[in-house]
Amino acid sequence: MVKDPNPEIRRREFMSGGWKVFNVAAFLTLGGFLGGLSISSAISGYPSAMYCYECRRCATNCPYGWDPSGFLIAARANEPDVKMISRVRIENYNRAIGDFQPDRFLTIDRLNEMDPLMKVVIRIRKDKESDRYITLRVKDAVGVYTDKDLFSIEEMKSKDAAYLCPLCGHCEPTCPVDLPVRVYIRDLKVNSVFGEGK
């Protein structure tokens, strides 16, 4: 391989004409996007959401199966309808929370009222050798499967997850940047919007 004696000239030739326009447009788009995120997180009332780099350490301690960084992503975008990973085992959640707070007991109909496009996991075959599961939207499970077939939730909106979250606080100690995750969840839990609302 022959070393280019004039790399600076080649670079200037490359960055002329259409490539120059493309490079400037990409730079402005990226700057606008990142600037917009800081503005939307400030409008939500939580500019500290920008510090979350989504390492997912908070998710390792959640006993119910949520990924709490989803709440921070929602606060950063000031959008409570952002979908987040929610691997909540229905039987465990209903035993721990639903028996004590009947308004949070999870059934197919209740999940359908919250968000018909929520992804749930349904157990379609139950035997001693193996269980079979399918993932579908909860609106497709209504009237077809029973609450006994409902195995877990796979994905839901941040505002719905905040409503169901018991605020146990297991997500906060593992955060490497010490973000107050429960404050974000609590604010979303009150009226399904951040801060004073949109």
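This is a predicted model, so every value here is computed, not measured.

K.L.:
For this particular structure, what's the right way to read the overall build of the protein?
P.N.:
Each helix and strand counted, the protein has nine helices and four strands in total. For the protein, the succession of helices and strands along the chain, N to C, is α-α-α-α-β-α-α-β-β-α-β-α-α. If you take every contact in the protein between residues at least 6 apart in sequence, the share linking residues at least 24 apart comes to 61%.

K.L.:
Please clarify how the pattern of salt bridges should be interpreted in this entry.
P.N.:
Here the idea is simple: oppositely charged side chains can pair when their charged atoms come close. Per the counting criterion, the structure on display carries eleven salt bridges. Between Asp140 and Arg137 there is a salt bridge, and its shortest N-O distance comes to 3.3 Å. Taking the relative accessible area as the measure of exposure, Arg137 reaches 37% and is therefore partly exposed. Put simply, Glu172 and Arg182 hold a salt bridge, and the shortest N to O gap is 3.4 Å. Taken together, the residues span a long stretch of sequence, with Glu172 in the loop between helix 8 (158-164) and helix 9 (181-191) and Arg182 in helix 9 at a distance of ten residues. Judged by its relative accessible area of 28%, Arg182 falls in the partly exposed class. Connected through salt bridges with shared partners, the residues Glu54, Arg56, Asp67 and Arg76 form a single ionic network.

K.L.:
I would appreciate a short explanation of the nonpolar core in the present structure.
P.N.:
Soluble globular proteins tend to pack their nonpolar side chains together in the buried interior. Counting residues in each nonpolar core, the largest one holds 40 residues, and the members touching the most others are Trp66, Tyr93, Leu111 and Ile153. Contact partners of Trp66, with chain neighbours within four places excluded, come to Ala59, Met84, Ile85, Ser86, Val88, Tyr93, Met156, Ala161, Leu164, Cys165 and Pro166.

K.L.:
Teacher, can you tell me more about the packing of helix 4 (residues 69-77) against helix 9 here?
P.N.:
When two helices pack together, you describe them by how their axes are tilted relative to each other and by the distance separating the axes. Packing of helix 4 against helix 9 brings their axes to within 9 Å, and their N-to-C directions diverge by 65°. Relative to helix 9, helix 4 is oriented roughly perpendicular. For the element pair helix 4 and helix 9, the recorded crossing hand is left-handed. Contacts between helix 4 and helix 9 involve Phe71, Leu72 and Ala75 from the former and Val181, Tyr184, Ile185 and Leu188 from the latter. The class makeup of the residues in the contact of helix 4 with helix 9 is seven nonpolar, no polar and no charged.

K.L.:
I keep staring at the packing of aromatic side chains and nothing clicks. Help me out?
P.N.:
The relation between two aromatic rings is expressed through the spacing of the ring centres and the mutual angle of the planes. Per the counting criterion, the structure on display carries six aromatic pairs. Residues Tyr64 and Trp66 carry aromatic rings whose centres are separated by 6.2 Å and whose planes lie at 50° to one another, so their mutual orientation is tilted. Here Trp66 falls in the buried class, since its relative accessible area comes to 3%. Centre to centre, the rings of Trp66 and Tyr93 are 6.0 Å apart; their planes meet at 90°, and the pair counts as edge-to-face. Residue Trp66 is found in the loop between helix 3 (57-60) and helix 4, and its partner Tyr93 is found in helix 5 (residues 90-98); the two are separated by 27 residues along the sequence.

K.L.:
Help me out: how do you make sense of unusual backbone geometry in this one?
P.N.:
For residues besides glycine, phi is generally negative; the peptide bonds are generally trans as well. Its identity is not glycine, yet Arg56 carries a phi of approximately 70°, on the positive side. Structurally, Arg56 is set in the loop between helix 2 (18-44) and helix 3. Positive phi values are uncommon outside glycine, yet Asn78 reaches one of about 55°. One can find Asn78 in the loop between helix 4 and strand 1 (83-89).

K.L.:
What should I look at first to understand the pairing of strand 4 (residues 150-157) in this one?
P.N.:
Taken residue by residue, a regular strand's side chains alternate between the two faces of the sheet. With respect to burial, strand 4 is a largely interior element, six of its eight residues being buried. Here five bridges tie strand 1 to strand 4, and the two strands are oriented antiparallel to one another. Within the sheet, the bridge partner assigned to Lys83 lies in strand 4 and is Lys157.

K.L.:
Looking at this model, I keep getting lost on the side chain of Asn94. Mind explaining?
P.N.:
By the element assignment, Asn94 lies in helix 5. For Asn94, a relative accessible area of 8% translates into the label buried. Separated by 2.8 Å, the side chain of Asn94 and the backbone nitrogen of Leu106 make a polar contact. Setting aside anything within four residues of it in sequence, one finds Asn94 in contact with Asp99, Arg104, Phe105 and Leu106.

What counts, and where the lines are drawn
- Residues numbered from 1 in each chain as written.
- Predicted model: local features only at pLDDT ≥ 70, side-chain atom pairs only at ≥ 80, totals over all residues.
- Heavy atoms only, no water.
- Helix = DSSP H or I, 4+ residues; strand = E, 2+ residues; numbered from the N terminus.
- Contact = heavy atoms within 4.5 Å.
- Salt bridge = Lys/Arg side-chain N within 4 Å of Asp/Glu carboxyl O.
- Buried < 20%, exposed > 50% of the residue type's maximum accessible area, 1.4 Å probe, protein only.
- Core = buried A, V, L, I, M, F, W, Y, C linked by side-chain atoms within 4.5 Å.
- Axes fitted to C-alpha atoms, helices over the stretch in contact; angles between N-to-C directions.
- Parallel < 35°, antiparallel > 145°, perpendicular 65-115°, else oblique.
- Left-handed = near helix turned anticlockwise from the far one by under 90°.
- Nonpolar A, V, L, I, M, F, W, Y, C, P; charged D, E, K, R; others polar.
- Phe/Tyr/Trp six-rings, centres within 6.5 Å; stacked < 30°, edge-to-face > 60°.
- Pairing = 2+ DSSP bridges.
- Polar contact = N/O pair within 3.5 Å; in protein donor to acceptor, adjacent residues only side chain to side chain.

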